[in-house]
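For reference, the chains in residue letters:
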There are 2 protein chains.
Amino acid sequence: MGWGDLGVYGEPSRETPNLDQMAAEGMLFPNFYSANPLCSPSRAALLTGRLPIRNGFYTTNAHARNAYTPQEVVGGIPDSELLLPELLKEAGYTSKIVGKWHLGHRPQFHPLKHGFDEWFGSPNCHFGPYDNRARPNIPVYRDWEMVGRFYEEFPIDLKTGEANLTQIYLEEALGFIRRQQASQRPFFLYWAIDATHAPVYASRSFLGTSRRGRYGDAVREIDDSVGRILRLLRELRLGENTFVFFTSDNGAALISAPEQGGSNGPFLCGKQTTFEGGMRVPAIAWWPGHIPAGQSLSLAGLKPPRDRAVDGLDLLPAILQGQLMDRPMFYYRGNTLMAVTLGLYKAHFWTWTNSWEEFKQGIDFCPGQNVSGVTTHTQEEHTKLPLMFHLGRDPGERYPLSFGSAEYQDALGRITPAVQQHQEALVPGQPQLNVCNQAVMNWAPPGCEKLGKCLRPPESVPEKCSWLH
Amino acid sequence: MGWGDLGVYGEPSRETPNLDQMAAEGMLFPNFYSANPLCSPSRAALLTGRLPIRNGFYTTNAHARNAYTPQEVVGGIPDSELLLPELLKEAGYTSKIVGKWHLGHRPQFHPLKHGFDEWFGSPNCHFGPYDNRARPNIPVYRDWEMVGRFYEEFPIDLKTGEANLTQIYLEEALGFIRRQQASQRPFFLYWAIDATHAPVYASRSFLGTSRRGRYGDAVREIDDSVGRILRLLRELRLGENTFVFFTSDNGAALISAPEQGGSNGPFLCGKQTTFEGGMRVPAIAWWPGHIPAGQSLSLAGLKPPRDRAVDGLDLLPAILQGQLMDRPMFYYRGNTLMAVTLGLYKAHFWTWTNSWEEFKQGIDFCPGQNVSGVTTHTQEEHTKLPLMFHLGRDPGERYPLSFGSAEYQDALGRITPAVQQHQEALVPGQPQLNVCNQAVMNWAPPGCEKLGKCLRPPESVPEKCSWLH
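The shown structure was predicted, so the numbers you read here are calculated from the model rather than taken from an experiment.

## Describing the relation of the copies chain B and chain A
Note on the identical chains: chain B maps onto chain A by a rotation of 180 degrees and an axial translation of 0.0 Å, with an RMSD of 0.0 Å. Such a turn and shift between the copies fits a two-fold axis.

## Remarks on the packing of aromatic side chains
Throughout the structure, instances matching the rule amount to 36 aromatic pairs over all chains. Judged by centre distance (5.8 Å) and plane angle (80 degrees), the rings of A:Tyr33 and A:Tyr331 are edge-to-face. Taken together, the positions of A:Tyr33 in the loop between strand 1 (27-28) and helix 2 (39-48) and A:Tyr331 in strand 9 (residues 329-333) put the pair 298 residues apart, joining distant regions of the chain. Given the relative accessible area of 13%, A:Tyr33 is considered buried. The interplanar angle of 25 degrees and the centroid separation of 6.2 Å between the aromatic rings of B:Phe243 and B:Phe245 together place this pair among those described as stacked. When its relative accessible area of 29% is taken as the criterion, B:Phe245 is described as partly exposed. An aromatic cluster is present here, built from A:Phe29, A:Phe32, A:Phe243, A:Phe245 and A:Trp287 joined pairwise through their rings. The ring of A:Tyr130 has A:Arg135 sitting right over it, with the charged end atom 5.6 Å from the ring centre.

## Comments concerning the confidence of the model for chain A
Residues and elements named next belong to chain A. Averaged over chain A, the pLDDT score is 95; the fraction of residues at 70 or greater is 98%. Long-range and interchain partners of residues 293-297, a stretch whose pLDDT sits below 50, account for 23 contacts in this model, where long-range means more than four residues apart. Under the prediction, the complex receives an ipTM of 0.91, its pTM being 0.94.

## Here's the deal with the packing of helix 5 (residues 165-183) of chain A against helix 6 (residues 214-235) of chain A
Residues and elements named next belong to chain A. Two numbers describe how helix 5 lies on helix 6: the axes approach to 10 Å, and their chain directions differ by 10 degrees. For the element pair helix 5 / helix 6, the angle class is roughly parallel. Here Thr 166, Gln 167, Leu 170, Glu 171, Ala 173, Leu 174, Ile 177 and Arg 178 of helix 5 come into contact with helix 6, specifically with Glu 221, Ser 225, Arg 228, Ile 229, Leu 232 and Leu 233.

## A few points about the domain arrangement of chain A
Residues and elements named next belong to chain A. One can read the domain layout of chain A as domain 1 (7-326) and domain 2 (336-425). Contacts between the two partners involve 21 residues from domain 1 and, on the opposite side, 26 residues from domain 2. Taking both partners together, domain 1 and domain 2 bury about 2000 Å²; carbon and sulfur atoms supply 60% of that area. Contact with domain 2 buries surface across domain 1, with His 63, Leu 268 and Phe 275 losing the most and accounting together for 28% of the total. Along the contact surface separating domain 1 from domain 2 lie 1 salt bridge. A salt bridge links Lys 346 to Glu 276; its shortest N-O distance comes to 2.7 Å. There are 10 residue pairs in polar contact (both at pLDDT 80 or more) connecting domain 1 and domain 2.

## Some remarks on the sheet that holds strand 8 (residues 283-286) of chain A
All names here are of chain A. Taken in spatial order, the 3 strands line up as 1-8-7 in an open sheet, and their pairing is antiparallel. Of all the strands in the sheet, just strand 1 and strand 7 (244-247) have a single pairing partner and so form its edges. The pairing of strand 7 with strand 8 spans 4 bridges and is antiparallel. Bridge pairing in strand 8 places Phe 246 opposite Ile 284. Sitting on the sheet, helix 1 (residues 17-25) touches strand 1, strand 7 and strand 8, and the angle it makes with strand 8 is about 60 degrees.

## Details of helix 5 (residues 165-183) of chain B
All names here are of chain B. For helix 5, which comprises 19 residues, the first-to-last C-alpha distance of 27 Å matches the rise-based estimate of 27 Å (1.5 Å per residue) to within 8%. Here helix 5 has its buried residues at Leu 165, Thr 166, Tyr 169, Leu 170, Glu 172, Ala 173, Leu 174, Phe 176, Ile 177 and Gln 180. Of the surrounding elements, those touching the buried residues of helix 5 are strand 2 (94-99), strand 3 (118-121), strand 4 (139-142), strand 6 (187-192) and helix 6 (214-235). Positive backbone phi, at 60 degrees, marks Gln 184, one or two positions downstream of helix 5.

About the cut-offs
Residues numbered from 1 in each chain as written. Chains lettered and ligands numbered in written order. Predicted model: local features only at pLDDT ≥ 70, side-chain atom pairs only at ≥ 80, totals over all residues. Heavy atoms only, no water. Least-squares fit on C-alpha atoms with pLDDT ≥ 70 in both. Phe/Tyr/Trp six-rings, centres within 6.5 Å; stacked < 30°, edge-to-face > 60°. Helix = DSSP H or I, 4+ residues; strand = E, 2+ residues; numbered from the N terminus. Buried < 20%, exposed > 50% of the residue type's maximum accessible area, 1.4 Å probe, protein only. Lys NZ or Arg CZ within 6 Å of the ring centre and 35° of its normal. pLDDT = per-residue confidence, 0-100. Contact = heavy atoms within 4.5 Å. Axes fitted to C-alpha atoms, helices over the stretch in contact; angles between N-to-C directions. Parallel < 35°, antiparallel > 145°, perpendicular 65-115°, else oblique. Domains from an automatic or database assignment. Buried area = accessible area lost by both parts, 1.4 Å probe. Salt bridge = Lys/Arg side-chain N within 4 Å of Asp/Glu carboxyl O. Polar contact = N/O pair within 3.5 Å; in protein donor to acceptor, adjacent residues only side chain to side chain. Pairing = 2+ DSSP bridges. Expected span 1.5 Å × (residues − 1).

Printed below as a string of structure tokens:
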């Protein structure tokens, strides 16, 4: 979902009354970033509080490449990483993930091995349908075992866009909240819905209801579901005792526009890029009675781990006292530091959208947008003299500052040491997204035998994954 | 000011707390249009309720040209037009215009000859400074007489951007409201500030306070001023008895970006164009106690004139009962119908931004945006087979519908008769913006003799005005 997809962020059709209301009751972050312009690395960062370059969710197979966790990827979240639910367990929390995990689908990467107590959802994206011969359909898990596959037990009609997955995920969420309230135990719910990810889907009752097409239908269903979750929390008198945070794992994927792509508002480009459209995302904090609200680690009375670098910040000072949090934002593709933002200045060390080859095939991450020398289709190096933008005057990254200006020199003088400090202290994690192997796909997830749905894997042939952009 | 310039419309720096609050207390229109992508014609339409093609605020000198009222223009608002203050006079209202008039600067076009009872402001834009030889500086009027000129008695520092005009205009507004309240007479205040028009200016106390540069400073001063006007209305217990409407006369002028240009949010291009960025504008209605509010003509118990075509709508059903107003929107340049929107479908009959010659000189109405075949630099005719966009799925006008699709055919089938009906009933007004003459400039406005500031006009040489885009 993109920055510009909610009414409260300026979506002109204004079809998100529940999220807009959540923002009105809570705190809106117009200046919030995902850790990566792609799903898996961003989610790994969300749960570990560490940049993908540290937690291993990146590739070194080629320069400046985005990578994620398709079925054939061998890697996943390392055991050495501490996830939020693992930390929360020490404080007595029960944790559930509903929806897309995306941190690896092989047995050792299972969410219940990484701190979660319950899971309903899928390990990978809901791509498909596949023939179950060259490639299996993606499994849907309940806790340890597969309970079916997308396009089979969990249908998605690519033609009409109909799928009732968001409703299923909603029921899972509401049921979990009710059970936790009944047992009077603290809980962490990670509600990782994916209806706005292509192939975009919505339930029958939402299909065709948006002015924005199918993507809008999916946004409306998510908005409605968030409203129902917040209402349940209030009904159960949990509202004042529950911190709720809404955000996205990357900007809207403009390659899927217009029918299946969202909006990044006034920002440049979208998902896959390190321009603002790729990583500036909607974010709303809600905690009635404490409005504005607080940050989850501190809320549970925990301290972040001290044996490793944590990029995540305690947002409490921002949320409770309105303090401006000003720290550098790092934009990576693979292990390449593409850009950094410090205060209102963003410096690009590399510019690239995607290759001419891809672009000529119609794969466009910046449709309708073209900033000469900025949205480049060759990898352009600016490490010596970064391209610099003032994100206040120029949020759309259209007007590079003049290299000779005092403003440029001053900003660069502050950015350079911040980058040096970051790079000198950086201990990259073992890259998890370098090796692919058809044999590791979801051929025979646990539980498949009960369903009679085990498939025969091909011979194991590890190979370098090919990451195109 | 552009659609995307207010926090409530998604401006990322969120620096308009007063206008955002006005929207929260009133009604926001995400789908509101000015009648023209340029100042004078749009303001003429605002005050007459009639499209510029009817009220004469257009040119026929060349095909599809924008025109306005610079000092040398001969024309202005025809006596035959009925302006809002003229209608309101029948209902006992006192009317004042503060700021830019822009409907003609020759004596017969004076606002006090067209229904206003008071005026403080200028007849033309605050361009300058001029040498008072080839071209006089623009006068500032109090009622019938000039009280000084821009860059002289009313300084604007082009280097620092400092001018206290918005504060002067604010005091004029507050004083008028106080006097009307004291005399218990109904009033209409047309507060036509122009601080966001290049050369952009702000008062010293606002300069440098925005994250958005000088343009943001101007927006912040306007926002603060609106807050002060609304507070005064409440203090005087006029709030529940006063309808307030905030809007802009066209989209942000992106040619002035980034330092002096605003934001049109997710929309294509800006001022001067008939894309959404040129004509979709912010609009907020406010009327506490009646929230949401009402429309001014009906509010005063008046009926619109019946002897002429009125394009303006009674917005009361939308504002009081939330009824969707669905009628065609017509986008003109000069007397050329460039585009029409019906429901969510927009059909372009002509596409043009500006000429290659201008564009190559750096005059860019769509910086960073380039939609092939849409943001054209030659005038492209599509009258037979219009370029069509779905503004719900594609508010940025990036993805023309396929000509062969059922959706295209269906939309065109509804648009064609609406356009026919419009064109058949259309009685164009006498074009006012065709003739220019250096002799009609503001050489010796009334009152100049008292100030010793009368200038000698050159010989009268009427000629065709040259409108470049």
